[in-house]
Amino acid sequence: MPTMTCYRDPASPIEERVEDLLRQMTIEEKIGQTQQLSTKEDVQAEIGALASEGMLGSLVLAGTALAGNNSNNNIRHDLLNNIQRLAVEHSRLGIPLIFGRDVIHGHRTVFPIPLAQAASFDPQVVENACRWAAYEASADGVHWTFAPMVDISRDSRWGRTAESYGEDPYLSGVMGVAAVGGFQGENPAADGCILACAKHFVGYGAAEGGRDYNTAEISDNTLRNIYLPPFKDCCDAGVATIMSGFCDINGEAVSGSHYLLTQILRHEWGWDGFVVSDWASVGQLAEHGMAEDAADAARIGFNAGVDMDMSADVYRKHLRKLIESGRVSEDRLNEAVRRILSAKFRKGLFEHPYIDIEKSHAAMRSPVALADAERAAARGFVLLKNKDNALPLSKESRVGIGGPMLDDRRTLLGCWTLDGDPQETTNFREAWDEIAPEMVVARFNPALVDQSLLQICNTRADTIVLFLGEDQAMTGEDNAVVSLDLAPGQVELARAAKQWGKKVVAIVQCGRALVLTNLEPWCDAILVCWHAGSQTAPAVVKTLLGEYRPSGRLPVTFPRHTGQLPLHYNYKPTGRHYGKGGVRDTDFRSSLERYNDCPGQPLYPFGFGLGYGQIQMENVRIESSPKTVAALEAGEPVVLAVDLINTGDRADETVPQVYVRDCVSETTRPVRELKAFRRIAVDAGQRRTERFELNARAFGYYGRNGSWRVDPGRFLLSVAAHSGTPFQLEITLEQDGVSVS
Ligand code: GLC
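Values in this document were obtained by computation on a predicted structure and should not be read as measured data. (Residues numbered from 1 in each chain as written. Predicted model: local features only at pLDDT ≥ 70, side-chain atom pairs only at ≥ 80, totals over all residues. Heavy atoms only, no water.)

Undergrad: Would you mind going over the site of the ligand with me for this structure?
TA: Lining the immediate environment of the ligand, one finds 14 residues, of which Asp102, Arg160, Lys199, His200 and Asp278 sit closest. Lysine 199 has a polar side-chain atom sitting 2.8 Å from an oxygen atom of the ligand. The contact in question runs from an oxygen atom of the ligand to an N or O atom on the side chain of aspartate 278, over 2.6 Å. Coverage of the ligand by the protein chains reaches 100% of its 310 Å² of free accessible surface. In this structure, the ligand is accommodated by the largest cavity. Per-class residue counts for the shell around the ligand are eight nonpolar, one polar and five charged. (Near = heavy atom within 4 Å. Polar contact = N/O pair within 3.5 Å; in protein donor to acceptor, adjacent residues only side chain to side chain. Areas by Shrake-Rupley, 256 points an atom, 1.4 Å probe, with all protein chains shown as cover. 1 Å grid on protein atoms, 1.4 Å probe; cavity = no way out; pocket = protein on both sides within 12 Å on 5 of 7 lines; lining within 4 Å. Sits in = over half its atoms within 2 Å of the grid points. Nonpolar A, V, L, I, M, F, W, Y, C, P; charged D, E, K, R; others polar.)

Undergrad: How should unusual backbone geometry be read in this particular structure?
TA: Across residues other than glycine, the phi torsion is negative in most instances, and most of the peptide bonds are trans. Looking along the chain, the bond that leaves alanine 147 and enters proline 148 is cis, with omega of 10°. Tracing the backbone shows proline 148 in the loop between strand S4 (144-145) and helix H7 (169-184). Cis rather than trans, the peptide bond between leucine 565 and proline 566 has omega equal to -5°. Residue position: proline 566 is located in the loop between helix H20 (536-544) and strand S17 (615-624). Positioned with a positive phi, aspartate 388 is a non-glycine residue whose angle comes to about 50°. (Helix = DSSP H or I, 4+ residues; strand = E, 2+ residues; numbered from the N terminus.)

Undergrad: In this structure, what is going on with helix H9 (residues 229-236)? I would like to understand it.
TA: Residue pairs three or four apart in sequence face the same way in an α-helix, which turns once every 3.6 residues. Of all eight residues in H9, six are buried, a share of seventy percent or more. Within the sequence span of H9, burial applies to Pro229, Pro230, Phe231, Asp233, Cys234 and Cys235. Of the residues flanking the end of H9, it is glycine 238, one or two places downstream, whose phi is positive at about 90°. (Buried < 20%, exposed > 50% of the residue type's maximum accessible area, 1.4 Å probe, protein only.)

Undergrad: Just checking my understanding: could you explain the packing of helix H15 (residues 367-380) against H20 for this structure?
TA: Packed helices, taken two at a time, are described by the angle between their axes plus the distance between the axes. Closest axis-to-axis distance for the H15/H20 pair is 8 Å, and the angle between their directions is 55°. Judged on the interaxial angle alone, H20 and H15 are oblique. The element H15 and its partner H20 pack so that their crossing is right-handed. In this structure, H15 uses Glu374, Ala377 and Ala378 to contact H20, whose residues at the interface are Thr536, Pro538, Ala539, Lys542 and Thr543. Residue composition of the contact of H15 with H20, by class: four nonpolar, two polar and two charged. (Axes fitted to C-alpha atoms, helices over the stretch in contact; angles between N-to-C directions. Parallel < 35°, antiparallel > 145°, perpendicular 65-115°, else oblique. Left-handed = near helix turned anticlockwise from the far one by under 90°. Contact = heavy atoms within 4.5 Å.)

Undergrad: Just to check I follow, could you spell out the pairing of strand S5 (residues 197-201) for this structure?
TA: Side-chain positions along a regular strand alternate between the two faces of the sheet. Of all the five residues making up S5, five are buried; the element is thus mostly covered by neighbouring parts of the structure. Here S5 pairs with strand S6 (residues 241-244) via three bridges, running parallel. Along S6, the bridge assignment pairs cysteine 197 with threonine 241. (Pairing = 2+ DSSP bridges.)

Undergrad: How should the packing of aromatic side chains be read in this particular structure?
TA: On inspection of all chains with the given rule, the structure shows 21 aromatic pairs. Geometrically, the ring pair formed by phenylalanine 302 and tyrosine 315 is edge-to-face, given 5.1 Å between the ring centres and 85° between the ring planes. Of the two residues, phenylalanine 302 is situated in helix H11 (residues 294-304) and tyrosine 315 in helix H12 (residues 314-324); the sequence distance between them amounts to 13 residues. Where phenylalanine 699 meets phenylalanine 715, the ring centres are 5.1 Å apart and the plane angle is 90°; that geometry is what we call edge-to-face. Taken together, the positions of phenylalanine 699 in the loop between strand S23 (687-694) and strand S24 (700-702) and phenylalanine 715 in strand S26 (residues 713-720) put the pair 16 residues apart, joining distant regions of the chain. When sorted by exposure, phenylalanine 699 lands in the same class as phenylalanine 715, which is buried. When the ring centre of tryptophan 416 is taken as origin, the NZ or CZ atom of lysine 199, which lies over that ring, is 5.2 Å away. If you follow arginine 678 out to its NZ or CZ, it ends over the ring of phenylalanine 692, 4.3 Å from the centre. (Phe/Tyr/Trp six-rings, centres within 6.5 Å; stacked < 30°, edge-to-face > 60°. Lys NZ or Arg CZ within 6 Å of the ring centre and 35° of its normal.)

Undergrad: Would you mind going over the sheet that holds strand S1 (residues 35-38) with me for this structure?
TA: In a beta sheet, neighbouring strands pair by backbone hydrogen bonds and run either parallel or antiparallel. Taken together, the five strands give an open sheet; going across it, the order is S4-S3-S2-S1-S10, and neighbouring strands pair in parallel fashion. Pairing within the sheet leaves two strands with one partner each, and these edge strands are S4 and strand S10 (309-310). Sheet analysis places strand S2 (residues 58-60) next to strand S3 (residues 98-101), joined by three bridges and oriented parallel. Looking at the pairing, leucine 59 lines up with phenylalanine 99 of S3.

Below is the structure:
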């Protein structure tokens, strides 16, 4: 038995364990730690040999490079335990492998896609979903998830909008931090916790045309004020790892950018986790034309700051020679290995390297997890229209149900559900039959539009509920679209039902913003349910019946036409914010009115959503405000207040949102930016006051040469129902006693 050196002693501080181990490692063993390989069938024999020689650091548990688009490829516990045993008991130093997997929004219990979780405007929903995901995935042998994805998406043609928290940096940061807390817990080594990975650093969502993997041009000013902040929030929250993206921004492939991966991430932010590349993105530096060959790609990626190579296998094959030739320093190798070993010690892998298979089976899809998944689904639903209180339906309604999504199971789970099983998932038809069979007098053929039309015109139903939207296969990685319109036949169903005098309720499943312009006129009610996981269907039916009361809000702008993209609420005023009619407005709406063939405003703005009840926001006011920038930066907050009055007969929830506009600044600033929000319950007849304290961060920005600053001068503010609400308030901050005229 080897003597107990410090690195094997869990009582020793992690830093000491790392140094003790590092000094015993050969160059080959160090290089091994920087290599992650996949569990694709064709490499399994090789993996075993590498593990037993201590020449491998990690496995990504995925059958292909497009793990998110695959059907189930369940984890093989025996295979993993055997490989781990080779690393721990046969290799010289017994360094465990770390197993990573895309546990994006649930494991066997599938929670709503991240975009739907963001729509809840409730970080507790995100934290709880990630807590369950970690609980089930860790029981299944997963040590590390490649989530949260905090890419900003301003163009819903991009399929990965579904995996994001939407278009806003503040909302994405709040939800990303909640996800990190949910996955990692207080101590990632504890039972039920896994390491998290903020991805895809950075700017992936700005791909031109929404075409996945595509080039993006992002000014440093926009990079620092829009795309980087959610990653900084996750780093400040202690995220263990970051994943470098595929794309090239501003002339550099991200996975080869020293500026991004070292200058910003390390020197400016001081973050000390480790960077894993996206799938083969280091090797792809050659495809980008930034590297001569695989060895050159390894040199560039490693020196840029990518500590671990996912699946390109270029570090294992080339780092030795690169170090011998001095093109990569041993100091840089030691730096990367320190970060990786620190994460393994932080996860407790040396103490608990193996999967407890019995525990694994017991952990999945508990009634409590499923109940939480149903509640999470309902909290993300967004009610876009409810004409004459069409919803909730009364029990006396005679309902006809139809639409192409009526019987679909797989779509309910959304993209990136490697371990969700459609066969375990209740569809809408079954949910109605379980919850309120007596209400359903007709079930229309989901497959045949013409037969459905015939059924609709002959039915005695007074209400037609149509399950519409997009298949989950249209979302996720490498699933861009040129049009956000609904698939053919869907609008026709709604129009036919309306023309036969029915109440029409549209349930829209989606993983992005869709164009509902042609659907809207034919519907009395529209509920966006996204792809909301295992419990989507019961959550929808219970919402239609009023058991859940929708209060979700849009995390992405819903345009009138795909041609408006990119369209986002935090646009710049431009030098001409008066519309075609020359009408100048102080709210910058007319900055969008530039088309001859379509209004420039969105169909539904960011932050929009209705409820069943009536909660008024009144008496928006400034309760206190510092006089100067210095006072604000010293910690004196701007305090806003709003009175919420529930005039309905049921308790309900609402989401007051605080938007800020910096009127005069060193660089151009958005017409408004979300700086606070809160989902609040208000009892029937209750009147309550909510307060929001805004600190310096709410008023500052990165100006010229990337410097953080808070300007003196005028700021407009609103406490709003959504981003289209006009400003109600104004403050002026003086520059240290000098009044700013
Ligand atoms: C994929 C995705 C990334 C994922 C990784 C592992 O290509 O871009 O989000 O975590 O590879 O599956």
